[in-house]
Amino acid sequence: MSSSSAAPPAKPPMRDALVAAAFRLFVERGYEQTTVDDIVALAGVGRRSFFRYFPSKEDVVFPDHEGCLADMTAFLAAGDPQCEPVRRVCDAARLVLRMYAENPAFSVQRYRLTKQVPGLRAYELSVVWRYERALAEYLRGRYAGRPDGTLRADVIAAAVVAAHNNALRSWLRSDGRSDADETVGHALGYVQDAFGTGPAAPAGPAPGGAPAALFGGPVEHPDDVVVLVSRRDAPLWRVVQEIETAFGRT
C-alpha cells in the first residue's frame, strides 16, 4: 500500500500576508516603531511588492475600505428608481457593517490600534468622509429639483454615517461579542424614522427631550397620507415646520 503525504497548506495571498505581518509587528513593536521595511522583511517580499498593494503604511491598516466603498457605490447605482431613498442608504451602510463583521478579531484589533495612534484616527476620518460623500451624491440625485434637496441629502447622509458609526463603535467596544446587526439596525432605525417615507427597522423609543419625529417626507402623490408624531411639549412652530417640510413647502 502506498502512502502519500498531505499537501502543505496554501500560503495566503501576498496582500493578506502583508496585512498579517503588519499587524503582528504593530502589536509587538507599536505602530510608530514599525517601518515598511520591517513589514516586508517579515512577509518575505520586497518593498516594491508592498507599494503595489498599499500606497502608504496607513493604507495597510485599512485594507478593505476601497473595495467596500466600490461595493457601496455600485449598490446605490443599482437601486430601483422607485425605492425609498433613505432606506436605500441605510441598507448601503449595512455593507460597511458586513465588512467589519466578517472578521471581528481583525476589526477589534484595528479599532484598538486606531484609538492609540492620532494619525490613524485622522486617516480613518478621511475614509468616513468618502462614505458620507457617496451617500450624499446618491441622495442628491434622488432629491434633485425638490426644495432644499441638496441640504436634505447632505443632512441625511451625515445622519446615516453618524448612526452607523455610533453603533459600530459600541459593537467594537464589546470586542465583537454583541449582535452587530441588531445594534446597527437599531441606530439606523432612528434615521429611517426621522427622514424616511416608509416603515423603519425596529428602534427603541426616543430619549427624553428628543425633537418631533416625522414619519413621512415630501409628498409625491396627492393621495399620500402624512402622519406627524410629536412630543406634547414641542413648540408649535416646530410642528408647523415639520408639516410644511412634509408637503415640500419649505
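All values derive from a computational prediction rather than experimental measurement.

Q: What is the right way to look at unusual backbone geometry in this model?
A: Look at Asp-148: it is not a glycine, yet its phi comes out positive at around 55°. Within the element layout of this structure, Asp-148 appears in the loop between helix H8 (118-142) and helix H9 (149-173). Look at Asp-175: it is not a glycine, yet its phi comes out positive at around 65°. Tracing the chain through its elements places Asp-175 in the loop between H9 and helix H10 (180-195). On the accessibility criterion, Asp-175 (31% relative accessible area) is partly exposed.

Q: Got a minute to help me understand the packing of helix H7 (residues 104-116) against H8 in this structure?
A: Each pair of packed helices gets described by two things: the angle between the helix axes and the distance between those axes. Relative to each other, H7 and H8 sit at 115°, their axes nearing to 5 Å. For the element pair H7 / H8, the angle class is roughly perpendicular. On the side of H7, the interface is formed by Leu-113, Thr-114, Lys-115 and Gln-116, while H8 contributes Pro-118, Leu-120, Arg-121 and Glu-124.

Q: Got a minute to help me understand the pattern of salt bridges in this structure?
A: Pairs may arise between side chains of opposite charge once their charged atoms sit close together. The full count for this structure, using the stated rule, is nine salt bridges. With its nearest N and O atoms 3.1 Å apart, the salt bridge here joins Asp-38 to Arg-29. Put simply, Arg-110 and Asp-64 hold a salt bridge, and the shortest N to O gap is 3.0 Å. Note that Arg-110 is positioned in helix H7 and Asp-64 in the loop between helix H4 (57-61) and helix H5 (65-77), a separation of 46 residues in sequence. When its relative accessible area of 2% is taken as the criterion, Arg-110 is described as buried. Taking the relative accessible area as the measure of exposure, Asp-64 reaches 23% and is therefore partly exposed. It is possible to trace a salt-bridge network through shared partners that takes in Arg-112, Asp-175 and Arg-177.

Q: Would you explain the nonpolar core in this entry?
A: In a soluble, globular protein the nonpolar side chains are often hidden away together inside. In this structure, Met-72, Val-89, Tyr-131, Leu-135, Leu-139 and Val-160 are the most contacted members of the largest nonpolar core, which totals 41 residues. Listing elements by their share of this core, those giving two or more residues are H5, helix H6 (85-101), H7, H8, H9 and H10. Discounting residues that sit within four places of it in the chain, Val-160 has contacts with Val-89, Cys-90, Ala-93, Leu-135, Leu-188 and Val-191. With 20 residues, the next largest nonpolar core counts Val-36, Ile-39, Phe-50 and Val-61 among its residues.

Reading the values: the criteria
- Position labels on residues start from 1 in each chain and follow its written sequence.
- The predicted nature of this model means local features are confined to residues of pLDDT at least 70 and side-chain atom pairs, given and counted, to a pLDDT of 80 or more, with totals for whole chains, interfaces and linings taken over all residues.
- Calculated side-chain values reflect all of the structure's heavy atoms, with hydrogen atoms and water omitted.
- Secondary structure elements are defined from DSSP: runs of H or I of at least 4 residues count as helices, runs of E of at least 2 residues count as strands, and each element is numbered from the N terminus.
- Residue burial is assigned from relative accessible area. The probe radius is 1.4 Å, only protein chains are included, and a residue is buried under 20% of its type maximum, exposed over 50%, and partly exposed in between.
- Axes here mean lines fitted to C-alpha atoms, for a helix over just the part in contact, with angles spanning 0 to 180 degrees between N-to-C directions.
- Angle categories: roughly parallel below 35 degrees, roughly antiparallel above 145, roughly perpendicular from 65 to 115, and oblique for all the rest.
- Contacts between residues were defined by any pair of non-hydrogen atoms, one from each residue, lying within 4.5 Å.
- Every case where a carboxyl oxygen of Asp or Glu lies within 4 Å of a side-chain nitrogen of Lys or Arg is listed as a salt bridge.
- The term nonpolar core refers to a set of buried residues drawn from Ala, Val, Leu, Ile, Met, Phe, Trp, Tyr and Cys, joined through side-chain atoms within 4.5 Å.

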